[in-house]
Every structure is written in structure tokens, then in C-alpha cells.
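Coordinates in review
What follows is each chain in one-letter form.
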Amino acid sequence: MSTTFKPLADRVLIEPAAAEQVTASGIIIPDTAKEKPLKGTVIAVGPGKKDEPMEVKVNNIVIYGQYSGTEIKIDGKDYLIMKQGDIYGIVG
Amino acid sequence: MSTTFKPLADRVLIEPAAAEQVTASGIIIPDTAKEKPLKGTVIAVGPGKKDEPMEVKVNNIVIYGQYSGTEIKIDGKDYLIMKQGDIYGIVG
Amino acid sequence: MSTTFKPLADRVLIEPAAAEQVTASGIIIPDTAKEKPLKGTVIAVGPGKKDEPMEVKVNNIVIYGQYSGTEIKIDGKDYLIMKQGDIYGIVG
Amino acid sequence: MSTTFKPLADRVLIEPAAAEQVTASGIIIPDTAKEKPLKGTVIAVGPGKKDEPMEVKVNNIVIYGQYSGTEIKIDGKDYLIMKQGDIYGIVG
Amino acid sequence: MSTTFKPLADRVLIEPAAAEQVTASGIIIPDTAKEKPLKGTVIAVGPGKKDEPMEVKVNNIVIYGQYSGTEIKIDGKDYLIMKQGDIYGIVG
Amino acid sequence: MSTTFKPLADRVLIEPAAAEQVTASGIIIPDTAKEKPLKGTVIAVGPGKKDEPMEVKVNNIVIYGQYSGTEIKIDGKDYLIMKQGDIYGIVG
Amino acid sequence: MSTTFKPLADRVLIEPAAAEQVTASGIIIPDTAKEKPLKGTVIAVGPGKKDEPMEVKVNNIVIYGQYSGTEIKIDGKDYLIMKQGDIYGIVG
């Protein structure tokens, strides 16, 4: 990403995983889930807030809710910007 | 679980008990309950939050509300990710 | 109760009083009440929260709202799990 | 009241004034009021909360909103249990 | 007022100004206002709350919202009991 | 204004600018705006609150939302009383 | 901008980017996004609040939600006034 993007506060910029990569990583979203969690890679992390220190780091693979975040396109590529509180956890 | 999953903040990863194990453990969900509590095993625990220290530990058997958490599949197995505040208590 | 149950945070496990014991204890629920308070015995108490120290103790007889808590069956017996804030007071 | 009742937190047990006593005490509820305040005697007081110290004392005559509190019958007599925040003030 | 009334917390007892006195005091409520502010005299003031020190004093002439407070009749006279936060300001 | 008005807490008394003065001041409200901001002069300022120190001063020209505040007439003149948090900024 | 505008608290004055400049800057808004983020230049910044220190600076290029802020016209030019919390991040 030649254009840099610095999230504010407790926001995180995520590159969503392509659909075919999901199975390979060992995380499969159940068909019957009411809300399907999704997977992505952390690209940029805000400085955090007073009561919300940042737990995720750049390059972490994270799982987040299906309806979390806002789509944003930088240099022609799709990203999501969301608050850390919308991220469920980090895949090791 | 070969793939590791590290919950953020006050979130907990739970492996739901299979339906046939529920009776054996001494916890039976009443048919007439408006909301049926369910049972599961804690697989992973977040670091907690400033005002929410973690009380549950890995391998605890916990009871939680029927509609709590989000389904997630890791290495082909079903789990639930939920906030500790959605867990009612620990079965000894 | 051979199976132990440890409530989390400010939750309380209550054994509801049987309907015929209500009159004997001196507490009668009025027929006309919009919400009928109920009576029960405290079986187990959570550790409390930072701003919510526990005031009820095991074996306290407590009064709580008709719609408070969630039903749970342990070793074939009915209990209620609720937050201490849903309990009105202790009968001496 | 032979049965004692100890309210939790910032709750107050009130014996509502009978309708005919209302005029004698100098407090008359207007017919046109959208919400009619009512009068009663404080019977028992909880220990208060961190940010809610108790201002009312046993035997205080208090005025409270028409829809405040929950009815409770102890030893055959009607009481109301409500939070101190639902009480408007003390009649001297 | 022979009967005294001590408001709790951040509540204020107000004697509403009669309709004909409103013009004389220099405050006229516009006909077109969505909510018409009203004027009254402070009769009694609560002790305040931790984050709400009392700014109004007995005998202050205050302006408050049309729908603020609850009507209360003491010794046959109409008063309003409201929280200080519902008062817009003091007329000098 | 011969009658003085002292706003409580974080409230501000504003004299709205007449419609014809708006253009002269360099601030023009767009016709297409969903909510039209308006301009006025600060006449009186409350003492502020614990977490809301006052930033506006008497005689500041301020911009505020179209639906902010409550109309009040003092000595026959129209004013608005609103919380400082409803003011967008100060025109220099 | 000959007329100066000083935002209050945690508010930010933004000059929205013209539609044709969006592509040139490397940020493209996806057609399919539920909410389309927009881009603009920070013109003025408030002093911040106790729990909301200002992270954006004058001349920062920022991304914000499609429905954020209020339109305001100063010296005939269109601006947006919004809270810093409505800004997603800074483009480098």
C-alpha cells in the first residue's frame, strides 16, 4: 500500500481475507451461523484510547463480525476500518 | 485445536457441550425455561479489561445464555466466542 | 446440591421457595400487584464487582422481582441465576 | 412488623399512607396532575451505594411518584420497595 | 408554608409564578415556542449530588421547561418538584 | 438587557442573528443542508460543569444547530438558551 | 478563509475533497459500500476534551463517514463540522 492510512483512536485497518483463503487457514465459517465471523489481516492500528489499549498488531490475523466496520478502497484495494472492540480475537 | 485463537479483551472461546453430555454432568435445562442456559468448556480466555478482570479459566465448565456469543468454526470444529459478562457461572 | 455452581461477578444462585411456603414465612404477594415479588434462598454468591460489593450471603432468604433471573436445573432441581441488583432485600 | 426486611443497596421499604390520611398531613395531590405523587413512611433503608449515600431515615415521611416501586406484602400488610432515587423529598 | 418539605439529592421545590406575573417580570414566553419555558420561585433545595453541586438558592427566580417536574400540593398550594438539571437559569 | 439572566451549569444564553445579518458576516447557510446551522451572539454563560469547562465567552459569535436550544423572551427580546455542547464553534 | 472559525471541544472543521480529486489521491470509494467514506482536509481543530485529546491537525487529509457532520458555508465555501470521533483516520 503506497498510500499510508493512520487510523484514529481505537480503530484498525483490516485487509479482508479472500474467500478461498478462509478454508486453508483452518477457520471455516458455519453456514448456519446467525452472524458469520470473517477473517482478515491487520494493516494499520490506531494509538488506542484511555480505556482501550490496543491488543492487535500489524500483520495479526483477526476474526471479526460479518457486519463490522466500513469498507474503504485505498490504491484500488478493498479494506475495512473498524473499532478494535468489533474484533473477536487473533488467530495464531 | 492445532490453530490457536487468542480472544481480545473480555472475550472467551467456548466449546459447547454436546447435547447428550448435558444430562450426565448434572445440569439439565428445563423445557419450560424462557431462555435455555447452555453448558460448555472454556478453550481460551482474553486478557480482560480495566473494569472486567477474568474470572474464568481454560478448562472451566461454564453455563451461559442460549443466545449468547457468536458461532465460529476452527479446524472444522464448532466454538462460541462471547464476552465473560454473558457467562452465568462455573460448574464445579 | 452435589454439583457445585460458582456464579460469576455479581450473580447469585437462588432456590425459589415453593408456593405453599410463601404464606408461612410472613411474605404474601398481593394479587393485584403489577409485578409479583417472589421469595427464595441464596445457594451461591459470586465474588462481586468493583462497584458492586456483595450484600447477600448463602442461606439468606431474599425477595426478587417476578421476571428476574434465568431458570437453571442442577442435579434435577430448579434454581434461578440473577444479578444481585435484581434482589430487593433480605427477609430477617 | 415482626418479620424484618433489610433492603439491598439504595432501596427503601415504605408503608404507603392511607388515602384519608393524605389531607390531614397537609399534602394534597392535585386531580389534574399527570403523575400523582404519593406519601408514605420509611420502614427500612438499605446501606446505600458508592455514589448514592442514603438521605432518608426510618420514620421519615416521604413523597414519591405514583408509579414508583414494587408492591410487597409482609405479615399481611402492604408495603412498597423502591430505590431512593424515586423519592422526591421528605415532609418535615 | 407551615409544612416543610426537604427535597432529596439534586431536586428543587418551585412555586410557579402566576400567569399574570409573567409579563411584569420582564420574561415573556413566545407563542411560537415549541416548548414554552416557565418561571417560578425556589422554595427548597436538596443537598446536591457528588457531580451535581447546587447552584440555585431559596428565593431565586428560575426559568424551567414547560414539561419539567412533577406537580405537588402542600398546605393547599401548588408546587413543582424537579431536578436542578431541568432549570435553565436564574433571573437576576 | 435590563433583566439579567444567569444560565445554570453548561448552558449559554444566545441572541440569534437576524436573517439579513447572516450574509454580511461571511457565514451563509446552504439551502441543501439537512440541518441548517445558525449564528448568534453569546449574552450570558453558565459556570460550566466538572467535565465541561466553558469555552465560549460573552460577545462571542457562535454557530449552532438549527434545532438546538429553547426560545426564551426577556424584556420583549428573543433569546435561545442551550447547552454549550450544542454549539459548533466560534466565528473569529 | 478570511473569516476564522474556531471549533469547540472535540469538533473539527473539514473542507470536503471535490469528487474529481478523490481518485487522484489514491482513495476510491467502492460503489457497493453500505456507507461511503469520504475524504477532506482539516481546516480547524477544537481544543479537545478531557477524555478525547485531538489526534488530527490542520492540513491533515482525513477519511470520514458519508453521513458525518453538519454542512456549513463560510465566505461562500462549503465546509463540514464534525466530532473527531466521526473521523476514521488520516491519509499519509
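Within an unreviewed UniProt entry, the label attached to chain A reads Co-chaperonin GroES, and the organism entered is Fluviicola chungangensis. Check the Sequence similarities (unreviewed entry) section of the UniProt entry for chain A; it says "Belongs to the GroES chaperonin family."

From N to C terminus, chain A includes 1 helix and 8 strands. Across chain A, helices and strands are ordered from the amino to the carboxyl terminus as β-β-α-β-β-β-β-β-β. Counting only carbon and sulfur atoms, one obtains 51% of the accessible surface of chain A, whose full area is about 4,300 Å².

Moving on: the interface of chain E and chain F. Each partner contributes residues to the interface: chain E has 21 residues there, and chain F has 19 residues. At the boundary of chain E with chain F, the tally comes to 1 salt bridge. In this structure, Asp51 of chain E engages Lys50 of chain F in a salt bridge whose closest nitrogen and oxygen atoms are separated by 3.5 Å. If you look at where chain E meets chain F, you find 7 residue pairs in polar contact (both at pLDDT 80 or more). Within the residue set of the side of chain E that touches chain F, elements represented by two or more residues are strand 3 (27–28) and strand 8 (87–91) of chain E. Counting residues per element, the side of chain E that touches chain F draws most heavily on strand 8 of chain E, at 5 residues. For the side of chain E that touches chain F, the residue count by class is 11 nonpolar, 7 polar and 3 charged. Across 3 bridges, the pairing between strand 8 of chain E and strand 1 (residues 5–7) of chain F is antiparallel. Residue Gly89 of chain E lies in a different strand from strand 1 of chain F, and its bridge partner there is Pro7 of chain F.

Right, let's get into the interface of chain G and chain A. At the interface, 21 residues of chain G touch 19 residues of chain A. Of the roughly 1,800 Å² buried between chain G and chain A on both sides combined, carbon and sulfur atoms contribute 55%. Linking chain G with chain A are 1 salt bridge, by the criterion used here. Looking at the side of chain G that touches chain A, the elements with two or more residues in it are strand 3 (27–28) and strand 8 (87–91) of chain G. With 5 residues, the single largest contributor to the side of chain G that touches chain A is strand 8 of chain G. Taken together, the residues of the side of chain G that touches chain A break down into 11 nonpolar, 7 polar and 3 charged.

Its place among the elements puts Ser68 of chain B in the loop between strand 5 (61–64) and strand 6 (70–74). Setting aside anything within four residues of it in sequence, one finds Ser68 of chain B in contact with Leu80, Met82 and Asp86 of chain B.

For Ala9 of chain D, which is not glycine, the phi torsion reads 50° and is therefore positive. Counting through the fold element by element, Ala9 of chain D comes out in the loop between strand 1 (5–7) and strand 2 (11–16). Despite not being glycine, Asp75 of chain G has its phi angle at roughly 50°, a positive value.

We now examine the environment of Val58 of chain D. Residues and elements named next belong to chain D. Locating Val58 in the fold gives a position in the loop between strand 4 (38–45) and strand 5 (61–64). Along the backbone, Val58 and Val45 are 13 residues apart, and their C-alpha atoms lie at a distance of 6.7 Å. For Val58, the contacting residues outside a window of four places in its chain are Val42, Ile43, Ala44 and Val45.

Turning to the pairing of strand 4 (residues 38–45) of chain A, a few remarks are in order. Sheet topology places strand 2 (residues 11–16) of chain A next to strand 4 of chain A; 5 bridges connect them, and they run antiparallel. When the bridges of strand 4 of chain A are listed, Val12 of chain A appears paired with Val45 of chain A.

Before going further, it helps to spend a moment on the pairing of strand 5 (residues 61–64) of chain E. All names here are of chain E. Note that strand 4 (residues 38–45) and strand 5 share 4 bridges and pair antiparallel. Bridge pairing in strand 5 links Lys39 to Ile63. Pairing of strand 5 with strand 8 involves 4 bridges; the strand directions are antiparallel. Across the sheet, the residue bridging to Val62 is Ile90, located in strand 8.

The next thing to look at is the confidence of the model for chain A. All names here are of chain A. For chain A, mean pLDDT is 86; residues scoring 70 or higher make up 79% of the total. No element of chain A has a lower mean pLDDT than helix 1 (residues 19–24), which averages 47, and none a higher one than strand 2, which averages 98. Taken as a whole, residues 20–24 scores under 50 in pLDDT and shows 6 contacts with residues more than four places along the chain or in a different chain.

The rules behind each value
- Sequence order as written defines residue numbering, which begins from 1 separately in each chain.
- Starting at A for chains and at 1 for ligands, labels are handed out in the order in which the entities are written.
- The model is predicted, so local features are restricted to residues of pLDDT at least 70 and side-chain atom pairs to those at 80 or more, both for listing and for counting; the totals for chains, interfaces and linings are taken over all residues.
- The side-chain quantities take in all heavy atoms of the structure and omit both hydrogens and water.
- UniProt positions are given in the numbering used here, feature names are shortened, and annotations may be inferred rather than shown by experiment.
- Only DSSP runs of H or I covering at least 4 residues are called helices, and only runs of E covering at least 2 are called strands; the numbering of each starts at the N terminus.
- Using the Shrake-Rupley algorithm and a 1.4 Å probe, accessible areas are obtained, with residue cover drawn only from the displayed protein chains.
- When checking whether two residues touch, look at their non-hydrogen atoms; a contact exists if any pair is within 4.5 Å.
- Every case where a carboxyl oxygen of Asp or Glu lies within 4 Å of a side-chain nitrogen of Lys or Arg is listed as a salt bridge.
- In protein, a polar contact requires one atom able to donate a hydrogen and another able to accept it; more generally it is a pair of N or O atoms within 3.5 Å, and residues adjacent in sequence count only if both atoms are side-chain atoms.
- Each residue is assigned to one class: nonpolar for Ala, Val, Leu, Ile, Met, Phe, Trp, Tyr, Cys and Pro, charged for Asp, Glu, Lys and Arg, and polar for all the others, Gly among them.
- Note on pairing: two strands pair once DSSP finds at least 2 bridges between them.
- Once two parts are put together, the accessible area they lose, assessed with a 1.4 Å probe and summed over both, is termed the buried area.
- Scored from 0 to 100, pLDDT reflects the predictor's confidence in each residue.

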